[in-house]
Amino acid sequence: MKAAVNRIIPFSSVDGPGNRTAVFLQGCNINCKYCHNPETRKLCTGCGLCVDRCPQGALEKDGARVLFDPEKCVQCDTCIHVCPHDSSPRTLEMTPGEVYEKVKKQIPFIRGITVSGGECMLQPDFLEELFRLAAADGLTTLIDSNGTIPFSAYPSLLEVTDGVMLDIKAFHASDHVRITDVSNEIVLENAVYLAKRSKLYEVRAVIVPDLYDAEESIRRMGNFLAPYLSVNEFRVKLIAYRPMGVREAYSHYAVPDQPYLHRLEDILKACGFHDIIII
C-alpha cells in the first residue's frame with residue numbers, strides 16, 4: 001500500500017495541538033478557487049516541462065516519469081510554478097511504514113501527527129495503517145479534511161483517529177459550489193457525525209467576502225453546530241483569504257480586514273462558541 005506524499009513537515013505548531021509532524025498527501029477531489037497549495041491537487045503527468053527549468057538539475061525525464069533527486073533540490077519551487085497541471089514532480093510514493101519511519105525521528109519532541117493534503121481521505125486505508133503505527137507509540141492522530149468523503153463509511157479509521165480538522169467552506173450549498181465546484185451536503189453530515197462522537201476537533205472557514213456572504217454563512221454555521229458543543233467543545237478557526245500561493249486566476253479577491261473578522265467572531269460568540277481563532 002503506497003500513497004503519493006507531497007511533503008512531510010517534521011515540526012508544525014499550526015496543524016493541531018502541540019508540536020506535530022504534518023504529512024501532506026498528493027491529490028484532491030475539489031477545486032477551491034482560493035486554494036493556497038494548488039501544487040497538491042493532482043498527480044504528476046510526467047510531461048517533463050519542469051525538467052529543463054530546474055536550476056539545480058534535480059529533475060530528470062525517464063520515459064513517462066519525472067525523477068526527483070532530493071539531494072540536489074534547494075526548494076526554490078520553480079518546478080511547481082511552471083507546472084501547468086497543479087502538481088509537483090517532488091512527490092514520493094511511500095508506504096505507511098516508510099512515512100512513519102520519518103515521523104519516528106521526531107519522537108519525543110512531538111505530541112502527534114496530522115495528515116493533510118490535497119485530500120487525505122481519498123486514501124483512508126493508508127491513513128488507518130499509518131495511524132495504527134503512530135498510536136502504538138502514544139502519538140495522537142489528526143485528519144485535516146475538506147469533508148467531502150463520508151467518515152461514517154470508515155469506522156475502523158475513526159477508531160484510531162483522535163480528531164478531525166474539518167473545512168466548512170460555506171454553509172449554503174450554492175456558495176459551496178461557487179467556491180469548490182461541489183456541494184456540501186456530505187460536509188455538513190460529516191460535521192454532525194463527528195461532533196456527536198467527539199471526533200470534531202476544529203471547524204475552519206476561509207473568509208472570502210468577494211465569493212460569498214461570509215456573515216450569513218458563519219451565522220448559519222454557528223447555529224447549526226452550536227447544539228453539539230454540549231457533547232464536546234470544539235474550536236472554530238476563521239482564516240482570512242490571502243493571495244499568497246493562490247493560482248493567478250483567483251488571486252484578485254480582497255483580503256478581509258480585522259474588524260470584519262472580529263464581527264464574524266462576535267457572531268460565533270453569540271451562538272455559544274468560546275474557542276475561536278482568527279488567522
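Just above sits the structure.
Residues numbered from 1 in each chain as written. Predicted model: local features only at pLDDT ≥ 70, side-chain atom pairs only at ≥ 80, totals over all residues. Heavy atoms only, no water.

J.: So what exactly am I meant to see when it comes to the sheet that holds strand S11 (residues 276–278) here?
T.: For sheets, the rule is that strands pair by backbone hydrogen bonds, running either parallel or antiparallel. Here we have nine strands laid out as an open sheet, ordered S5-S1-S2-S6-S7-S8-S9-S10-S11, and mixed in their pairing. What marks the edges here is a single partner per strand, and that holds for strand S5 (92–94) and S11. In this sheet, neighbouring strand axes are inclined to one another by 25° on average, regardless of whether the strands run parallel or antiparallel. Both strand S7 (residues 140–145) and strand S8 (residues 163–167) contribute to a ladder of four bridges, which runs parallel. Paired with leucine 142 across the two strands is glycine 163, which belongs to S8. Together, strand S1 (3–12), strand S2 (20–25), S5, strand S6 (112–116) and S7 form the strand contacts of helix H3 (residues 124–136), whose direction differs from that of S6 by roughly 170°. Packed onto the sheet, helix H6 (residues 185–196) meets S8 and strand S9 (200–207) and runs at close to 155° relative to S8. (Pairing = 2+ DSSP bridges. Helix = DSSP H or I, 4+ residues; strand = E, 2+ residues; numbered from the N terminus. Axes fitted to C-alpha atoms, helices over the stretch in contact; angles between N-to-C directions. Contact = heavy atoms within 4.5 Å.)

J.: For this particular structure, what's the right way to read the pattern of salt bridges?
T.: Pairing between side chains of opposite charge can happen when the charged atoms of each approach one another. Under the counting rule described, the total for this entry stands at 20 salt bridges. Arginine 178 is paired through a salt bridge with aspartate 175; the nearest N and O atoms lie 2.6 Å apart. Of this pair, arginine 178 and aspartate 175 both sit in helix H5 (residues 173–180), separated by three residues, roughly a single helical turn. Residue arginine 178 is classed as partly exposed on the basis of its relative accessible area of 41%. In this structure aspartate 175 comes out as buried when scored by relative accessible area, which is 9%. One connected set of salt bridges, linked through shared partners, spans Asp144, Asp167, Lys169, Glu202, Arg204, Arg235, Lys237 and Asp275. (Salt bridge = Lys/Arg side-chain N within 4 Å of Asp/Glu carboxyl O. Buried < 20%, exposed > 50% of the residue type's maximum accessible area, 1.4 Å probe, protein only.)

J.: Could you clarify how one ought to interpret the pairing of S1 in this entry?
T.: Where a strand is regular, its side chains alternate between the two sheet faces. Bridge count for S1 against S5 is three bridges, and the pairing is antiparallel. The residue of S5 that forms the bridge with valine 5 is leucine 92. Note that S1 and S2 share five bridges and pair antiparallel. Across the sheet, the residue bridging to arginine 7 is phenylalanine 24, located in S2.

J.: Looking at this structure, how should I read the packing of aromatic side chains?
T.: Within a pair of aromatic rings, the relevant descriptors are the distance that separates the centres and the angle that separates the planes. Per the stated rule, a full pass over the model turns up three aromatic pairs. An angle of 70° between the planes, with centres 5.7 Å apart, marks the rings of phenylalanine 234 and phenylalanine 273 as edge-to-face. Within this pair, whereas phenylalanine 234 is found in the loop between helix H7 (214–225) and strand S10 (235–240), its partner phenylalanine 273 is found in the loop between helix H8 (258–271) and S11, the two being separated by 39 residues in sequence. We note that phenylalanine 234, like phenylalanine 273, is buried. Considering the side-chain rings of tyrosine 241 and tyrosine 253, the 5.7 Å spacing of their centres and the 80° angle between planes classify their relative orientation as edge-to-face. With tyrosine 241 in the loop between S10 and H8 and tyrosine 253 in the loop between S10 and H8, the pair connects residues that are 12 residues apart, well separated along the chain. Like tyrosine 253, tyrosine 241 is buried. (Phe/Tyr/Trp six-rings, centres within 6.5 Å; stacked < 30°, edge-to-face > 60°.)

J.: Could you clarify how one ought to interpret the environment of serine 145 in this entry?
T.: On the secondary structure map, serine 145 appears in strand S7. By relative accessible area, serine 145 is classed as buried at 1%. Separated by 28 residues in the primary sequence, serine 145 and glycine 117 have C-alpha atoms spaced 7.8 Å apart.

J.: Got a minute to help me understand the packing of H7 against H8 in this structure?
T.: For any two helices packed against each other, one specifies the crossing angle of their axes together with the interaxial distance. Following both chains from N to C, one finds H7 and H8 inclined at 20°, their axes separated by 9 Å at the closest point. By the angle between their directions, the pair H7 and H8 is classed as roughly parallel. In the crossing of H7 with H8, the sense of the turn from one axis to the other is right-handed. Across the interface between the two elements, Ala214, Glu215, Ile218, Arg219, Met221, Gly222 and Asn223 from H7 touch Tyr260, Arg263, Leu264, Ile267, Leu268 and Cys271 from H8. In terms of residue class, the contact of H7 with H8 is made up of eight nonpolar, two polar and three charged. (Parallel < 35°, antiparallel > 145°, perpendicular 65-115°, else oblique. Left-handed = near helix turned anticlockwise from the far one by under 90°. Nonpolar A, V, L, I, M, F, W, Y, C, P; charged D, E, K, R; others polar.)

J.: I'm lost on H6 in this one. Help?
T.: Taking 1.5 Å per residue, 12 residues should reach 16 Å; H6 reaches 17 Å between its end C-alpha atoms and fits that length. Residues Val187, Leu188, Asn190, Ala191, Val192, Tyr193, Leu194 and Ala195 constitute the buried set of H6. Elements that come into contact with the buried residues of H6 comprise helix H4 (155–159), S8, H5, S9 and H7. Looking at the residues trailing H6, positive phi occurs at serine 198, about 55°. (Expected span 1.5 Å × (residues − 1).)

J.: What's the story with the layout of surface pockets in this structure? I'm lost.
T.: Looking at the largest pocket, its volume works out to about 1,100 Å³. Around the largest pocket, the lining comprises 39 residues; the ones closest to its centre are Tyr34, Cys35, His36, Asn37 and Gly117. Elements with a contribution of two residues or more to the lining of the largest pocket: helix H1 (78–82), S7, S9 and S10. For the lining of the largest pocket, the residue count by class is 16 nonpolar, 11 polar and 12 charged. Of the pockets and cavities examined, the second largest pocket occupies roughly 480 Å³. (1 Å grid on protein atoms, 1.4 Å probe; cavity = no way out; pocket = protein on both sides within 12 Å on 5 of 7 lines; lining within 4 Å. Points joined across faces, edges and corners; volume = space filled by probe spheres on them.)

Without other data, these values stay purely geometric and don't point to any function.
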